[in-house]
Amino acid sequence: MSNTNTIKKTAIIGLGNMGGAILSGVVSGGILPAEAIVGADKAEACRAKAEKLGVRAVPDVSVAVSDADLVILAVKPQSLEALMAEIGSVKKSAVIVSILAGKKISTLEGCFGKDAKIVRVMPNTPALVGVGMSGISGNGNVFDEELETVVGIFSSFGKTAVVDESLMDIVTGISGSGPAYVYMFIDALIKAGVKGGMDEAAAKLFAAQTVKGAAEMVLKSDVSPEQLKINVCSPGGTTIEAVKVLEEQGFEDIVVQAVKACADKSQLMGK
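Summary of the structure given here. (Residues numbered from 1 in each chain as written. Predicted model: local features only at pLDDT ≥ 70, side-chain atom pairs only at ≥ 80, totals over all residues. Heavy atoms only, no water.)

Between helix α7 (residues 168-176) and helix α12 (residues 251-269), the shortest axis-to-axis distance is 8 Å and the interhelical angle comes to 135°. Considering the angle they form, α7 stands oblique to α12. α12 is crossed by α7, and the crossing has right-handed handedness. Across the interface between the two elements, D169, I170, T172, G173 and I174 from α7 touch V259, C262, A263, S266 and Q267 from α12. Of the residues in the contact of α7 with α12, the class split is five nonpolar, four polar and one charged. (Axes fitted to C-alpha atoms, helices over the stretch in contact; angles between N-to-C directions. Helix = DSSP H or I, 4+ residues; strand = E, 2+ residues; numbered from the N terminus. Parallel < 35°, antiparallel > 145°, perpendicular 65-115°, else oblique. Left-handed = near helix turned anticlockwise from the far one by under 90°. Contact = heavy atoms within 4.5 Å. Nonpolar A, V, L, I, M, F, W, Y, C, P; charged D, E, K, R; others polar.)

Right, dumping it as structure tokens:
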């Protein structure tokens with residue numbers, strides 16, 4: 001990615017799960033050189049992990065952002081106010097990337113100025129194992145090549161899609177929080193397996209690998225998930241009996257309601 005040549009210094013604020021995943025992705029993927037990154041976190045353990053990757057890590061946010069061309073905010077949404085109190089001066093030309101759930105671009109412009117280059121990103125926790133999904137949206141001050149750089153960073157640990165900011169709440173409901181719903185489904189499959197006589201380790205393998213395989217088929221097939229479901233359901237067979245129960249219990253409606261509740265909460269957090 002030649003456009004990263006203009007980035008002489010990147011600051012990653014917050015080196016916890018997501019900040020650590022971003023850091024690991026850009027360093028191991030060769031997106032940005034480790035020596036061009038400064039991380040900031042109050043926790044010594046988080047800084048130590050960053051330093052193992054060859055990155056300078058400091059407890060002081062203002063030191064990290066000083067002269068940075070790219071600033072990635074990877075802290076909890078509720079920490080924004082406290083962060084702004086200690087962030088100090090940020091370069092006018094710096095691109096500010098925020099993964100703060102629910103925090104709108106307009107809110108961030110209120111913090112950094114109307115002329116600030118703001119990119120809002122909603123990643124998810126599978127980024128920790130290199131298979132994340134990130135929705136990305138930039139304001140009108142961000143150049144195409146700058147947005148491309150951000151896409152490259154988040155593509156280093158999964159897939160990305162540039163979306164209109166109006167869709168970010170539903171992105172949060174589907175992919176941002178979606179892993180939790182999938183974990184619940186996998187956990188239910190494991191419990192069913194144990195109840196049916198399997199040991200827990202075997203049930204975990206069968207359940208998780210099945211979900212992983214089904215997801216791969218959806219991604220790699222031109223056939224709709226609905227049709228893929230039909231393909232598994234032989235008339236008079238076993239699968240159709242399970243599907244009937246899920247349909248009768250309102251499985252689809254429950255998921256739709258759950259996503260809506262999450263998206264509504266994301267929207268509320270942005271007010």
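With that settled, consider the packing of helix α8 (residues 178-195) against helix α9 (residues 200-220). Viewed as axis vectors pointing N to C, α8 and α9 meet at an angle of 140°, and their least axial separation amounts to 8 Å. The orientation of α8 with respect to α9, classified from their angle, is oblique. The two elements α8 and α9 cross, and the hand of that crossing is right-handed. Here V182, F185, I186, L189, I190, G193 and V194 of α8 lie close against α9, whose contacting residues are E200, A203, K204, A207, A208 and V211. Partitioned by chemical class, the residues of the contact of α8 with α9 number 10 nonpolar, one polar and two charged.

This structure, assessed with the given rule, holds two aromatic pairs. With 5.5 Å between their ring centres and 70° between their planes, F154 and F157 make a pair best called edge-to-face. In this pair, the class of F154 matches that of F157, namely buried. Relative to F251, the ring of F185 lies with its centre 6.3 Å away and its plane at 50°, an arrangement referred to as tilted. (Phe/Tyr/Trp six-rings, centres within 6.5 Å; stacked < 30°, edge-to-face > 60°. Buried < 20%, exposed > 50% of the residue type's maximum accessible area, 1.4 Å probe, protein only.)

To continue, consider the environment of R56. Relative to the elements of secondary structure, R56 occurs in strand β3 (residues 56-58). A relative accessible area of 48% places R56 in the partly exposed class. Once the C-alpha coordinates of R56 and C111 are considered, the two residues, 55 residues apart in sequence, prove to be 26 Å apart. Excluding residues that lie within four positions of it along the chain, R56 makes contacts with I37, V38, G39 and V63.

Here the focus is the nonpolar core. I22, V97, V119, V121, V150, I153 and F154 are the most contacted members of the largest nonpolar core, which totals 32 residues. Mapped onto this core, the elements with two or more residues apiece are α1 (17-28), α2 (44-52), β4 (70-73), β5 (95-98), β6 (117-122) and α6 (144-155). Looking at this core element by element, the count peaks at five residues for α1. When residues no more than four places from it in sequence are discounted, the contact partners of F154 are I22, V97, I99, V121, P123, S134, I136 and T160. Among the nonpolar cores identified, the runner-up in size contains 23 residues, and V38, A40, I87 and L100 belong to it. (Core = buried A, V, L, I, M, F, W, Y, C linked by side-chain atoms within 4.5 Å.)

Below, the discussion takes up the pairing of strand β1 (residues 10-13). Where burial is concerned, the two faces of β1 agree: the one with T10 and I12 and the one with A11 and I13 are both buried. Where β1 lies against strand β2 (residues 37-40), four bridges are found, and the strand directions are parallel. Looking at β2, one finds that I13 is bridged to A40. Of the crossover connections in this fold, the one passing from β1 over α1 to the parallel β2 is right-handed. The sheet contact formed by β1 and β4 spans four bridges and is parallel. What sits directly across from T10, in β4, is L70. (Pairing = 2+ DSSP bridges. Right-handed = clockwise from strand over helix to strand, strands pointing away.)

So, about the side chain of K103. As for its placement among the helices and strands, K103 is situated in the loop between β5 and α5 (105-112). We note that K103 is buried and unpaired, the nearest opposite charge coming from E81 at a distance of 7.9 Å. Residues within four places of K103 in sequence aside, it is in contact with P77, L80, L108, R120 and M269. (Lys, Arg positive; Asp, Glu negative; His and termini not counted. Salt bridge = Lys/Arg side-chain N within 4 Å of Asp/Glu carboxyl O.)

Together, F185, L189, L246, F251 and V255 give the surface a local cluster of nonpolar side chains, amounting to about 390 Å² of exposed area. Elements supplying a minimum of two residues to the nonpolar patch: α8 and α12. Relative to the assigned elements, L246 resides in helix α11 (residues 239-248). (Patch = residues over 30% accessible without salt bridge, like charges linked within 9 Å, V, L, I, M, F, W, Y side chains within 5 Å. Areas by Shrake-Rupley, 256 points an atom, 1.4 Å probe, with all protein chains shown as cover.)

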